[in-house]
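Given next are the chains, with one letter for each unit.
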Amino acid sequence: MALLEITGLRRSFYGIAALSGVDLAVESGSITGLIGPNGAGKTTLFNCVSGIVPPQGGRVVFDGADITGWRPDRIARRGLVRTFQIARGFPGLTVMENLLLYGPDQPGERLLPALCRLPAARRREEELRERARAIAARLALDRVLDNPASALSGGQKKLLEIGRALMTEPKLVLLDEPIAGVNPALAEEIGAHLRRLLADGLTFLVIEHHMDMIARLCHPVIVMAEGRTLAQGSFAEIAARGEVQEAYMGRRWAS
Amino acid sequence: MTDYLVAMLTFAALYGLMSLALNLVWGMAGMINLGLVGFFALGGYASALLTHRFGLPIPVGLAAAFLFAGACGVVVALVTARLRGDYLAIVTLGFAEVVRIIASNEIWLTNGTDGISGIPGPLRGEVPPATFNLVYLLIVLAVVAIAFFLLQNLRHSPFGRVLRAIRDDDQVAAVAGKWVIAFKIEAFAISSGMLGLAGALYGHYTSYIAPDAFVPLVTIYIVLALSAGGTGSNLGALCGALLIVFFQEGTRFIAAWAPGLGAVQLAALREIAISATLILILRFRPQGLLPEKLPRLAKR
Ligand SMILES: Nc1ncnc2c1ncn2[C@@H]1O[C@H](COP(=O)(O)OP(=O)(O)OP(=O)(O)O)[C@@H](O)[C@H]1O
Ligand SMILES: [Mg+2]
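What you see is a predicted model, and the numbers here were worked out from it, not measured in a lab. Note on numbering: residues in each chain are counted from 1, in written sequence order. Each chain is given a letter, starting from A, and each ligand a number, starting from 1, according to the order in which they appear as written. Since the coordinates come from a predicted model, pLDDT governs what is reported: local features require at least 70, and pairs of side-chain atoms require 80 or more to be given and counted, while whole-chain, interface and lining totals use all residues. Each side-chain value is derived from all of the structure's non-hydrogen atoms; neither hydrogens nor water enter the calculation.

Here's the deal with the coordination of the magnesium ion (ligand 2)
Within the first shell, the magnesium ion (ligand 2) binds the protein through T43 of chain A (OG1) and Q85 of chain A (OE1), at distances of 1.9 to 2.2 Å. Here T43 of chain A is found in helix α1 (residues 42-50), whereas its partner Q85 of chain A is found in the loop between β6 (80-82) and α3 (95-101), with 42 residues between them in sequence. Only nitrogen, oxygen and sulfur atoms count as donors, using a 2.8 Å cut-off from the metal that widens to 3.2 Å for Na, K and Ca. Water is left out, so coordination shells may look unfilled. Where helices and strands are cited, they refer to DSSP runs of H or I of at least four residues and of E of at least two residues respectively, numbered from the N terminus.

Printed below as a string of structure tokens:
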């Protein structure tokens, strides 16, 4: 059974369908690629799966549980976390705090332990801080940990998106264009990093317009167009198919 | 003069308590509450009725004020759960006016616009008035100190971090695994409870409450106090409250060096002096006198 199974997912905005019955499965232990032209509905799919936008039909099953229509925080705590295409986050918090916020099981987030500074909260905070430092170091964010997140460069904000997702100790990470705006050397590193995490047992579903990254990293690759899944297979198979080329016609591949 | 100073400090401490409450819900969680005076009134009436009409001890009245205003805060937070910014401001402003109008009209309960007089105060009548005032100041200061200590704990805890995250982007906070609405309700409830407590302390101090003490202007003063002191900072909240009371009272002495002005003109002159000072502060220090500081956690 697949880790994430989506069947017949629908969502429209103001009468126009963004998702018109998406069927898609992500196998455990894969880096699955999701490509498709602008406006195909990829981000909307992420929004519906992560609970930010309620779907109007269909089913999302994650890790054996039907999570359709769940609150986003319950979905996140179950082990499914997503990043945002246009980096979002908490500009008024430092980079370190952005990372710590995503740390799970912090008793200090409950009212009474917070009011009386429970030692258990302090211990957990130390663990999370250690973890945040390690993640920041790998994403080259260790120099800016104490800066407000609003002071990061565009690329650094994208990296922070990934770092925050990793803090949750997830099973499945949905990455929305993780390397858009990141320099080639660091993009390469991120790719290598994803592969290492894959070996550790994580699973990824990655939206990306950089075809070379998709080709090197993702298997299988799923193509979406006009709110539907169009094709699925290895990158080579996908690239050879006429309807896929047609779906992409008229737009540049690298955004 | 000492009596005057003591009274002024007591009012400053009560303003400080309200300003701390506003800092929790607005400064930290980013929810603007313009119904401060409504919760203040709820607490004031709750404690006055319990102690005056039913003869319960004052500490019971204070606790009841906290709990009753806090419970009303939960209801308001639930009703306004999906509202943000301007909409939340308008609804909470309306809530406070509803409280005031109910207090003016439900005469059987609140004695209407005549208000409730003879509210007991600790040791009132047993010691000289000056001693009472001093004791009461110490009590209010102790309450403010405890509130400040607990809120500082919250501010620096993971709980406070979640509130500040919600202030920035509640959708991303939800993706981070936080049950946003629960945090918002908790913050709103504690803040409302503190306002209720402040209202109760006010009633036991002046021994008299009436609807005309609960006008929106009080809320505006608290919002100004926090903005000038530093939104997001507990110390800023206290500092702003002290500043506002200092100006309100200090400008009374304008009369001394502005002879020949009528009472109405003097009152207007005071308002102008207060407004001008606040405009200057917000123009040259938009983040307030003691702005929120970010923690430095990178080093181990
Ligand atoms: N909240 C919303 N309100 C209205 N329309 C929306 C909303 N979200 C998405 N849409 C519409 O749904 C369609 C799909 O958008 P989506 O963001 O999912 O595309 P995408 O595949 O991620 O494109 P891109 O590659 O440009 O990021 C678009 O036509 C978009 O305008
Ligand atoms: Mg998109």
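Structural notes on the sheet that holds strand β9 (residues 221-225) of chain A
Residue and element names in this part refer to chain A. Here, strands pair whenever DSSP counts at least two bridges between them. Strand order in this open sheet of six strands is β6-β7-β8-β3-β9-β10, and the pairing throughout is mixed. The sheet is open, and its two borders are formed by β6 and β10 (228-233), each paired with just one other strand. In this sheet, neighbouring strand axes are inclined to one another by 20 degrees on average, regardless of whether the strands run parallel or antiparallel. With four bridges connecting them, strand β3 (residues 31-35) and strand β8 (residues 203-207) associate as parallel partners. By the bridge assignment, G33 is partnered in β8 with V206. Only C-alpha atoms enter the line fits that serve as axes; for helices the fit covers just the stretch in contact. Angles between N-to-C directions range over 0 to 180 degrees.

Examining the interface of chain B and chain A
Only heavy atoms enter the contact rule, under which two residues are in contact if any of them lie within 4.5 Å. Listed per partner, the contact involves 33 residues of chain B and 39 residues of chain A. Taken together, both faces of the contact between chain B and chain A bury some 3300 Å²; the carbon and sulfur share is 60%. The buried area of a pairing is the accessible area, by a 1.4 Å probe, that goes missing from both parts when the two are put together, added over both. A per-residue breakdown of the area chain B buries against chain A is headed by R161, V175 and L297 of chain B, which together make up 21% of the total. Basic side-chain nitrogens of Lys or Arg form a salt bridge, by our definition, when they fall within 4 Å of a carboxyl oxygen of Asp or Glu. Connecting chain B to chain A are four salt bridges. Between K178 of chain B and E109 of chain A there is a salt bridge whose closest N-O contact spans 3.0 Å. Pairs of N or O atoms are called polar contacts if they sit within 3.5 Å, as long as, within protein, a hydrogen donor faces a hydrogen acceptor (for residues adjacent in sequence, only side-chain-to-side-chain pairs). Where chain B meets chain A, there are 17 residue pairs in polar contact (both at pLDDT 80 or more). Every element with two or more residues in the side of chain B that touches chain A is listed here: α6 (129-155), α7 (158-168), α8 (170-175) and α9 (180-206) of chain B.

Re the environment of L226 of chain B
Residues and elements named next belong to chain B. Within the fold, L226 resides in helix α10 (residues 216-229). Residue exposure (1.4 Å probe, protein chains only): buried if accessible area is under 20% of the type maximum, exposed if over 50%, otherwise partly exposed. The buried category is assigned to L226, whose relative accessible area is 0%. In sequence terms L226 and P216 are 10 residues apart; their C-alpha atoms lie 16 Å from each other. Discounting chain neighbours no more than four positions away, the residues touching L226 are S19, L22, N23, W26, T231, S233 and A237.

A few points about the sheet that holds strand β2 (residues 16-26) of chain A
All names here are of chain A. As summarised here, the arrangement of the four strands in space is β2-β1-β4-β5, forming an open sheet in which the pairing is antiparallel. Only two strands of the sheet have a single partner each, and these edge strands are β2 and β5 (65-66). Here α1 sits on the sheet and contacts β1 (4-13), β2 and β4 (57-62); the angle it forms with β1, its principal contact strand, is near 110 degrees.

Let's talk about the side chain of R164 of chain B
Along the polypeptide, R164 of chain B turns up in helix α7. If we ignore the near neighbours within four places in the chain, the residues touching R164 of chain B are G92, L93 and E97 of chain A together with M28, R155, E292, L294 and P295 of chain B.

Overview of the pairing of β3 of chain A
Residue and element names in this part refer to chain A. By the criterion of burial, β3 is predominantly enclosed, with five of the five residues buried. The alternating pattern of β3 places I31, G33 and I35 and T32 and L34 on opposite faces, both of which are buried. Looking at chain direction, β3 and β9 are connected through three bridges and run parallel. If you follow G33 over to β9, its bridge partner there is V221.

Here we look at the confidence of the model for chain B
Across chain B, the average pLDDT comes to 93, with 100% of residues at or above 70. The ipTM for the predicted assembly is 0.91, set against a pTM of 0.93. The predictor's confidence in any single residue is recorded as pLDDT, a number from 0 to 100.

What about the site of ligand 1?
Residues and elements named next belong to chain A. Any residue with a heavy atom lying within 4 Å of a molecule or strand is counted as near it. Contacts to ligand 1 come from 14 residues, most closely from N38, G39, K42, T43 and T44. A 1.4 Å probe and the Shrake-Rupley method give the accessible areas. Residues count as covered only by the protein chains that appear here. For ligand 1, whose unbound accessible area comes to 640 Å², protein coverage reaches 62%. Tallying contributions element by element places α1 first for the shell around ligand 1, with three residues.

Let's talk about the packing of α7 of chain B against α9 of chain B
Residue and element names in this part refer to chain B. Contact geometry for α7 and α9: axes closest at 10 Å, N-to-C directions at 105 degrees. Relative to α9, the element α7 lies roughly perpendicular. Between α7 and α9, the contacting residues are F159, V162, L163 and I166 on the first element and V180, F183, K184, E186 and A187 on the second. In this classification, the charged set is Asp, Glu, Lys and Arg, the nonpolar set is Ala, Val, Leu, Ile, Met, Phe, Trp, Tyr, Cys and Pro, and all remaining amino acids, among them Gly, are polar. Residue composition of the contact of α7 with α9, by class: seven nonpolar, no polar and two charged. By definition in this entry, angles of less than 35 degrees are roughly parallel, angles greater than 145 are roughly antiparallel, angles of 65 to 115 are roughly perpendicular, and the rest are oblique.

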